[in-house]
Amino acid sequence: MKTIKKIQFAVDLTEDLPDAAEYAAWLAKQLDAEVTVLNVTPDAAHFSGFIISPDYTKDFVAQLENGAQKAMAEFLPKYFSGVKANGVVVQGDPAEEIMACAEENNMDLIVMASHGRKG
């Protein structure tokens, strides 16, 4: 059986994450594993079909990434105190970037929350 030492926790940094974050931290402690918390923000290509100026799109995407970096800086100490964890914010398609990060960093396990929808 393969040992789990590297966990990727994919997040959207919304308020619906406490249960999933607590689980990922608990799991990392139980397995003595390190966690990479990954957030993917949309890149400029995501907005290519919209009728807005490229300059506005570029600024908006930069603001999204800046906001995600700030949210990550608050998220890590709140949920991953006592766990070897790092935060990564990238731009792109979430599914593609989650898989790319997992492959590039030889992750053993990916943990993700549900959409947080009720009913």
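What you see is a predicted model, and the numbers here were worked out from it, not measured in a lab.

Participant: Help me understand the overall build of the protein in this model?
Facilitator: Looking only at helices and strands, one finds three helices and four strands in the protein. Walking the protein from its N terminus toward its C terminus, one meets helices and strands in the order β-α-β-α-β-α-β. Expressed as a percentage of its 119 residues, the buried residues of the protein come to 32%. About 7900 Å² of surface is accessible on the protein, with carbon and sulfur atoms providing 52% of the total.

Participant: I'm lost on unusual backbone geometry in this one. Help?
Facilitator: Excluding glycine, a negative phi dihedral is what most residues carry, and trans is how most peptide bonds are arranged. We note that Asp32 has phi near 55 degrees; this positive angle belongs to a residue other than glycine. As for its position among the elements, Asp32 is in the loop between helix H1 (18-31) and strand S2 (34-41). Backbone geometry places Asn106, a non-glycine residue, at a positive phi of 50 degrees. Within the element layout of this structure, Asn106 appears in the loop between helix H3 (94-104) and strand S4 (109-112). Judged by its relative accessible area of 56%, Asn106 falls in the exposed class.

Participant: I keep staring at the nonpolar core and nothing clicks. Help me out?
Facilitator: The biggest cluster of nonpolar side chains holds 23 residues, and the ones touching the most others in it are Ile7, Phe9, Val11, Val35, Val37, Phe75 and Phe80. If you list the elements that add at least two residues to this core, you get strand S1 (6-11), H1, S2 and helix H2 (54-79). Considering every element that reaches this core, the biggest residue donor is H1, with six residues. Not counting chain neighbours up to four residues away, the residues in contact with Val11 comprise Leu17, Val37, Leu38, Asn39, Val40 and Phe75. The next biggest cluster of nonpolar side chains, apart from the first, holds five residues, and it includes Ala10, Leu38, Ile98 and Cys101.

Participant: Could you clarify how one ought to interpret the packing of aromatic side chains in this entry?
Facilitator: Aromatic ring pairs: the centre-centre distance and the angle between the two ring planes describe each pair. In total, this model carries five aromatic pairs according to the counting rule given. Seen in terms of ring centroids, Phe9 and Phe75 are 6.5 Å apart; in terms of plane orientation they differ by 25 degrees. Their pairing is stacked. Residue Phe9 is located in strand S1, and its partner Phe75 is located in helix H2; the two are separated by 66 residues in the primary sequence. Ring geometry for Phe75 and Tyr79: centres 4.9 Å apart, planes at 50 degrees, overall tilted.

About the cut-offs
- Residues numbered from 1 in each chain as written.
- Predicted model: local features only at pLDDT ≥ 70, side-chain atom pairs only at ≥ 80, totals over all residues.
- Heavy atoms only, no water.
- Helix = DSSP H or I, 4+ residues; strand = E, 2+ residues; numbered from the N terminus.
- Buried < 20%, exposed > 50% of the residue type's maximum accessible area, 1.4 Å probe, protein only.
- Areas by Shrake-Rupley, 256 points an atom, 1.4 Å probe, with all protein chains shown as cover.
- Core = buried A, V, L, I, M, F, W, Y, C linked by side-chain atoms within 4.5 Å.
- Contact = heavy atoms within 4.5 Å.
- Phe/Tyr/Trp six-rings, centres within 6.5 Å; stacked < 30°, edge-to-face > 60°.

In short, shape yes, function no, at least from these values alone.
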